[in-house]
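Inside the fold
Single-letter residue listing:
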Amino acid sequence: MKTVGLITEYNPFHKGHEYHIHEAKRRTGADLAVVIMSGNYVQRGIPAFLDKYSRTEIALKHGADLVIELPLIFAVGSAEIFAQGAVSLLDRIGITDFLCFGAEETDTEKLLKTAQILAFEPPEFQHALKEYLKKGLSFPAARAKALCVLGYFDRDFTEDSICQPNNILAVEYLKTLIRRNSSMIPCSIPRIHSGYHDSSFENRFFSASALRSVKNTDALLSALKEIDLIYEKQFHISCPVQTQDFDTILGQRLLSACASSLAIFSDISHDIENAIRKNLSCYTGFHDFAMLLKNKSLTYTRICRCLLHIMLDIHTDTVQNALMQNLPEYIRILGFTQKGSELLSHIRSDVVLLTRTAGYQKVLTNPADRKIFELNLHADELYRMAVMSKFKQNFPNEFTQKLIVL
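Here we summarise the structure given alongside this text. Computed from a predicted structure; not experimentally measured.

Points about the overall build of the chain
- From N to C terminus, the chain includes 19 helices and 10 strands.
- The globule rule puts the C-alpha radius of gyration for 406 residues at 22 Å, and the 20 Å found for the chain is close to it.
- With the C-alpha coordinates of the chain rotated into their principal frame, the extents come out at 55 × 50 × 50 Å.
- Buried residues in the chain amount to 55% of all 406 residues.
- Within the chain, one finds 45 positive and 45 negative side-chain charges whose respective centroids are separated by 2 Å.

Rendered as C-alpha cells:
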C-alpha cells in the first residue's frame, strides 16, 4: 500500500485542491493521501477563512484519507519554518512514500538544483545574499537575485520564477528532504488554469485568493456552493473569517506586548519592533496596521506573520527549539476516512497519536510538547471567541469537538 503526503492549508478548499489530491495519487500510484494541514491560522499570517474541522471534512470528502494538523508554531512561520515543520512531521511518522506539492515550475530538477544550493549555502552565495539584503531587497528577492547573478541557472529560470509563491515553498520542501536524507520521493504538480494570486472567476479552478477577495456575499456563496455544500451550511455561522474579526484582540495584545521587548516574538527584527512602536498610536485594525508598516524590504505577508506571532504569543526560542529537537513528538489527528484509519496502526510507535484534547497533560509527557500544544489550544480559543462574537452562534471548543470520521 503506497501513501502520498500533501502539505496544505485549504484556505479555502477549492476545485484545484481536489485536482491536486487526485492527481497526486494518480502520478505516484498511491492508494492513500495523508494531508498535513494548517489549523485555524495560516502561513500568510491571517486567520483561516473556515475552521480547521470543517476544512478537514471537505478534504476527506474530496480525496484525502487522513488529515493531521500542522502545529501552530510552524503553520504561521516563514516559508522555511512552515516547510521544515511540515516535512519533518511527515517524515517522522514513517508512513509516507511520496511528497507531492504544487509548483509553478514544471521541471522538478530545476527546483531540486535550487534546493541543493540553498540546503548548504556556499560562502559566495551567503556573501551575495547579504549584499542584496543591505540594498533593501526583501529576503525572497535578495535570495533570487543572488542565485541568478552567481550563474546557478540558465536564462529560462529567472528571478521571477524563483519568487513564485509555490516555487518558494517547493524549494523549501526539497531543502528539508535533502537535509533529513528522507526516503520520501518528491513529485511536483503544476498549477492549472489559475495562478496563486489570480482573482479571476473565468474558470472552475479559481484560486483561494480569488475566493477570499470576493466582497459580494451572494457571489461568494455561489462559488463556494459549487465546491462543497458544507460552505453553504457554515456560511454566516462560522465563515467567512477575516483579519478584521481580530482587530480588537490584536490591538489589546500589541498594547500589552509593547510594555516590554518585542524581540522575544518569532520573526520580529529590530526594524519591525521600532516600526510597531512608532506607529502603534495610529492602530485602527489588523489589515490597516500591516499596510502602514509595509515597505520595500518588508512584505505585507511578513508583517502579518509578525503581528500574528505577537497576538498568539509565539516566541523565537519555542520555534527554534522545536525545529532543532525534531519536535513535537505527537501528531494531532483531525480526521480520517474508513480507509485512512488503516494508516494509524502503521505510524511509528514512538509518535504519540493525539485524537482528543481531554487528558492531554497525561498523554504528552514531554513539557516541550505540552507547551506547543497549549499554544495551539490558546490560539484556537481566540479563534472560537472571534467567530462566536462575529456570527452570534455557539461554536465547539477543542474539548467538545469530535474527530471528523467519514
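Let's talk about the pairing of strand β2 (residues 32–38)
- Along β2, 7 of the 7 residues are buried, which leaves the element largely enclosed by surrounding structure.
- Alternating positions in β2 separate into two faces, Leu 32, Val 34, Ile 36 and Ser 38 on one and Ala 33, Val 35 and Met 37 on the other, with burial throughout.
- As defined by bridge partners, strand β1 (residues 3–8) adjoins β2 across 6 bridges and the pair is classed as parallel. From the neighbouring strand, Ile 7 faces β2, where its bridge partner is Ile 36.
- Running through helix α1 (residues 15–28), the crossover from β1 to the neighbouring parallel element β2 is right-handed.
- One ladder, built from 5 bridges, connects β2 with strand β5 (residues 66–70); its direction is parallel. When the sheet's bridge partners are listed, Val 34 is paired in β5 with Leu 66.

Considerations on the state of the cysteines
- Tallied over the full model, the rule gives 0 disulfides.
- Cys 187 carries a free sulfur, and the closest cysteine sulfur to it, the one in Cys 100, is 3.6 Å from it.
- Owing to a relative accessible area of 13%, Cys 187 belongs among the buried residues under this scheme.

Examining the packing of helix α5 (residues 108–120) against helix α9 (residues 165–180)
- For the pair α5 and α9, the least separation of the axes is 8 Å and the interaxial angle reads 60°. Between α5 and α9, the interaxial angle falls into the category oblique. α9 is crossed by α5, and the crossing has right-handed handedness. Here α5 contributes Leu 111, Leu 112, Thr 114, Ala 115, Gln 116, Leu 118, Ala 119 and Phe 120 to the contact with α9, which in turn contributes Asn 167, Ala 170, Val 171, Leu 174, Lys 175, Ile 178 and Arg 179.
- Residues that form the contact of α5 with α9 fall into these classes: 10 nonpolar, 3 polar and 2 charged.

How each quantity is defined
Residues numbered from 1 in each chain as written. Predicted model: local features only at pLDDT ≥ 70, side-chain atom pairs only at ≥ 80, totals over all residues. Heavy atoms only, no water. Helix = DSSP H or I, 4+ residues; strand = E, 2+ residues; numbered from the N terminus. Rg over C-alpha atoms; globule rule 2.2 N^0.38 Å. Buried < 20%, exposed > 50% of the residue type's maximum accessible area, 1.4 Å probe, protein only. Lys, Arg positive; Asp, Glu negative; His and termini not counted. Charge placed at Lys NZ, Arg CZ, Asp CG, Glu CD. Pairing = 2+ DSSP bridges. Right-handed = clockwise from strand over helix to strand, strands pointing away. Disulfide = S-S within 2.5 Å. Axes fitted to C-alpha atoms, helices over the stretch in contact; angles between N-to-C directions. Parallel < 35°, antiparallel > 145°, perpendicular 65-115°, else oblique. Left-handed = near helix turned anticlockwise from the far one by under 90°. Contact = heavy atoms within 4.5 Å. Nonpolar A, V, L, I, M, F, W, Y, C, P; charged D, E, K, R; others polar.

That's the geometry; what it means functionally is another story.
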